[in-house]
Amino acid sequence: MIGEASIHGVFVPWLLILALASFVATQLVRRVLRRLGFYRVVWHAGLFDVALFVIVLWLLTLGTAHIGPGSLRN
Amino acid sequence: MFSQRLVFALANTLAVLSALYIAFAFDLERPYWAVFSVFIVAAPVSGMVRSKAIYRWIGTIIGGAGALLMIPPLVHSPELLSLAMALWVGFWLAISLMDRTPRSYLAMLAGYTAAIVGLSVVDAPQAIFDTMVSRIEEISIGIACGALAHSLFFPRSVAGELDARIESTLRASARWIAASLTELAPPSGPSAPTRLSRVVGEIYTLNTHLAWETSDVMPIGGTLSVLQDRLASLLPALSSAERAIAALRASNALTAPMQAAIDATVDRTHGLADAPDILEEARPARSTRPTAPPSATPTTRWAHLHEQTALAHLHELDAALDDCLVLARALRDPGAPMDAALRREAESARRVPLYRDVRLALVSGVAAAAAVLVACGLWIAGAWTEGGIAAQFAAIGCSFFARLDQPAPMIRSAILGVLVALPLAALYEFAVFPGIDGFPVLALVLAPVFLALSYMQAVEKLAGSALVIAVSFSGALALQETYVADFAAFVNINLAEVAGLLIAMAVILVGRTLDPISSARRIARGAWRAIGRAAQRGARLRPAHLLDCIGQVSMRLDASGARDVHALNPLQDLRIGANLATVMSAETNARPDVARRLRAVREAIGAQYRARSLGVRGVNDATLASALDRGIGELEAGPPQRHASATIAALVSLRMDLLPDRGLGGLGAVIA
């Protein structure tokens, strides 16, 4: 996951792309959990959301490890 | 209170220092951009921080893209570049002012970010891309640190803020209803329309932030919208009731049963104002109050009608107050009992549209563009090295306070803030920094200032000046990787900032200081046009929307200190709007013959209001009088019903407001 992706010649840290993707994914998960009423049993929602983001980011990193920057780099 | 502010200040300082550390660690170009981003997004309520962070981020990206678009092709023709930049800033400022929600920050930032990024690289246009990227990166770091810190360390939610605001509003309203009905004396301070419309506006703002709250806060937009409408109905209902009661009292026709009905409302509101928890007093079942006049044998038809009117408006007032309590309780606890019809309304309610001051937006946009052009002109003509900085600050100065009628005093205090920050920054830059090395020591020496400024931000009165000082302090320090002590540059740059703000102030003073009274007239004309159009088309008139428009008028009247301005009567417009809404909703449910009469009334009022918006008054008084009288007669002849008496009350009130010179005495003749 270390390295940069090239988007039309602009180098962007791979981690940034993953972080943005997991931010969006976290919003979706949040919305579902909220619909289910899950947050009623959460003590500190802010902390929970940050932890959720970190977990999603970690999962995404794991999942994209072998399609990572190597394949995207020019 | 003290500890809450201290927690806020500590969290904010932590966020500032971590932003600074991260920016240094990544070798970014201007770490101070990250530092003041934290100060800019900081707010006592976590939802506000998060919403502002997102808006700031998107606005910065748009602004950076704009700079990227304009600089490379135009950098060799400074005049064209200045023009393009001025138009860009003015355009986005105008867009921003059309939107009265916190989202407007996005467009405003898109405007002046282009100036900040673009004008700082004209000497080295090849650096534009890097500067833009670093601005975006540093702002991302700053807002991320700020948003994280304020969501993690003892966050206060918008919901809590909203609850407190609504509770105090309801308590104040109850007290004020009781006072008005007993003494019939106007309370001191800002007028009632101003105060109430301000609260309705605040609720709207908090509602926007709510979408960005931490996940445990429930979406409650619909309930809030209905609550805004009910709060907005309190004022016209009370005022109409007061008028009818005053008329009865003036002619000595106030009977004992009528007095008892008034006392019942007064007792209830007194009880509410003194209740330990006002929301616990909510009555979920809607009250059923007798609607027939209390006196069995009224002296005259005139007295009978006025009694009926006063009673119906008192009932309307009670009902609106009850609905407010129930809705406010539902905001706190979604499981609280609620009348089925009210729940349906809350579930389907749309957001209240806010008044849009198009002319203010356009004029401010033009003023901002002019200020940028003036600064750029001085820059080009005077071969002034720091002229670019002046142009940036001219853009910022014009944008930041553009929402105000008279922004110049605010810009003046911003200049003062910059001048306060300068000696402090100079002290650090030239006395402290030469002696230190490394991040830990830097953090230690800066922490006291950041802590003090953060604490000031938590105090409502000091927040504005704290922000100005924090931004100009960190800007003046221009913290960079390697320390460069250059006193000449320090002074030149900071003087250019002040010069830019002065240019903004001068342009605004010359070009767009708006006289509160003439603004009030203009906005009132807009409101009249809206009332007239709604009346002619039979479209729904939302109480909260009307209160918002009228509140803009009365706010300006209050600000000008003029008690009595010719032809402007905000309270009267509110009453007419509310009674018109009652007539229009009765029309849709009425029998065809009654509906025809009511339609005639609303069309006559529509025509009158259209004419009023063009400056003509009393165009069709005779038509209106006969339409109103026929309507009252038709309803009186029909079977007595709750809706009928509410509609009669609305018609009588409209008659008192629109045709004050034609007493109801002539009524009998028309009907006979």
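Cut-offs applied
- Sequence order sets the numbering: in each chain, residues are counted from 1 along the sequence as written.
- Chains carry letters from A onward and ligands carry numbers from 1 onward, assigned in written order.
- Local features in a predicted model are, by the rule used here, given only for residues with pLDDT of at least 70; side-chain atom pairs are given and counted only at 80 or more, and totals for whole chains, interfaces and linings are based on all residues.
- Numbered from the N terminus, helices here are DSSP runs of H or I no shorter than four residues, and strands are runs of E no shorter than two.
- Boundaries between domains were set according to an automatic or database domain assignment.
- Here contacts are defined at the residue level, using C-beta atoms placed from the backbone and a cut-off of 7 Å between them.
- DSSP-based pairing: two strands are paired if at least 2 bridges between them are found.
- Axis definition: a line fit to C-alpha positions, over the contact stretch in the case of helices; interaxial angles, taken between N-to-C directions, run 0 to 180 degrees.
- Any angle that falls under 35 degrees is termed roughly parallel, while one over 145 is termed roughly antiparallel, one within 65 to 115 roughly perpendicular, and all others oblique.
- By convention the crossing between two helices is left-handed if the near helix lies anticlockwise of the far one by an angle smaller than a right angle, and right-handed if it lies clockwise.
- When residue character is reported, Ala, Val, Leu, Ile, Met, Phe, Trp, Tyr, Cys and Pro are called nonpolar, Asp, Glu, Lys and Arg charged, and the others, Gly included, polar.
- Every residue gets a pLDDT, meaning the predictor's confidence in that residue, from 0 to 100.
- Think of a nonpolar core as buried Ala, Val, Leu, Ile, Met, Phe, Trp, Tyr and Cys residues, each tied to the set through C-beta atoms within 7 Å.
- Exposed residues have 12 or fewer other C-beta atoms within 10 Å of their own C-beta, buried residues have 20 or more, and partly exposed residues fall in between, where C-beta atoms are placed from the backbone.

A. Local environment of the environment of B:H209. Of note, B:H209 is situated in helix 8 (residues 192-210). Along the backbone, B:H209 and B:G335 are 126 residues apart, and their C-alpha atoms lie at a distance of 23 Å.

B. Structural view of the domain arrangement of chain B. All names here are of chain B. When cut into domains, chain B gives domain 1 (2-156 + 354-511), domain 2 (158-212 + 221-333) and domain 3 (516-671). Averaged C-alpha coordinates put domain 1 and domain 2 at centres separated by 45 Å. The partner domain 2 presents 9 residues to the 11 residues of domain 1 that form the contact.

C. Quick peek at the pairing of strand 1 (residues 4-7) of chain A. Residues and elements named next belong to chain A. Here strand 1 pairs with strand 2 (residues 10-13) via 4 bridges, running antiparallel. Opposite E4, over in strand 2, you have P13 as the bridge partner. Counting the residues between successive antiparallel strands, the hairpin from strand 1 to strand 2 contains 2 residues, one of them, H8, with a positive phi of roughly 50 degrees.

D. Seen up close, the packing of helix 14 (residues 387-400) of chain B against helix 18 (residues 487-511) of chain B. Residues and elements named next belong to chain B. Between helix 14 and helix 18, whose axes approach to 7 Å, the crossing angle comes to 45 degrees. Viewed along their axes, helix 14 and helix 18 adopt a mutual orientation that is oblique. Where helix 14 crosses over helix 18, the two elements pack in a sense that is right-handed. Note on element contacts: helix 18 touches helix 14 through I493, A496, E497, A499, G500, L501, I503, A504, M505 and I508, opposite I389, A390, A391, Q392, F393, A394, G397 and C398. In the contact of helix 14 with helix 18, the residues fall into 14 nonpolar, 3 polar and 1 charged.

E. Expanded view of unusual backbone geometry. Residues and elements named next belong to chain B. The phi dihedral of D27 falls on the positive side, at around 60 degrees, and the residue is not glycine. Inspection of the secondary structure assignment puts D27 in the loop between helix 1 (2-25) and helix 2 (31-41). Positive phi values are uncommon outside glycine, yet A383 reaches one of about 45 degrees. If you trace the backbone, A383 turns up in the loop between helix 13 (358-381) and helix 14.

F. Region of interest: the packing of helix 4 (residues 78-98) of chain B against helix 13 of chain B. All names here are of chain B. Following both chains from N to C, one finds helix 4 and helix 13 inclined at 155 degrees, their axes separated by 8 Å at the closest point. Classified by the angle their axes make, helix 4 and helix 13 are roughly antiparallel. Pair helix 4 / helix 13 crosses with right-handed handedness.

G. The confidence of the model for chain B, seen in detail. All names here are of chain B. Mean pLDDT over chain B works out to 83, with 92% of the residues at or above the 70 mark. Across residues 666-672, where pLDDT falls below 50, the model places 6 contacts with residues more than four positions away in sequence or in other chains. Listed scores for the predicted complex are pTM 0.83 and ipTM 0.75.

H. The interface of chain A and chain B, seen in detail. The interface of chain A with chain B comprises 10 residues on the first partner and 8 residues on the second. Of all the secondary-structure elements, those providing two or more residues to the side of chain A that touches chain B are helix 1 (14-35) and helix 2 (45-63) of chain A. The element best represented in the side of chain A that touches chain B is helix 2 of chain A, accounting for 5 residues.

I. The nonpolar core, seen in detail. Judged by nonpolar contacts, the single largest core of 216 residues is most densely connected at B:V89, B:A371, B:V372 and B:A394. Those residues in contact with B:A394 that lie beyond four places of it in its chain are B:A371, B:V372, B:A375, B:G500, B:I503 and B:A504.

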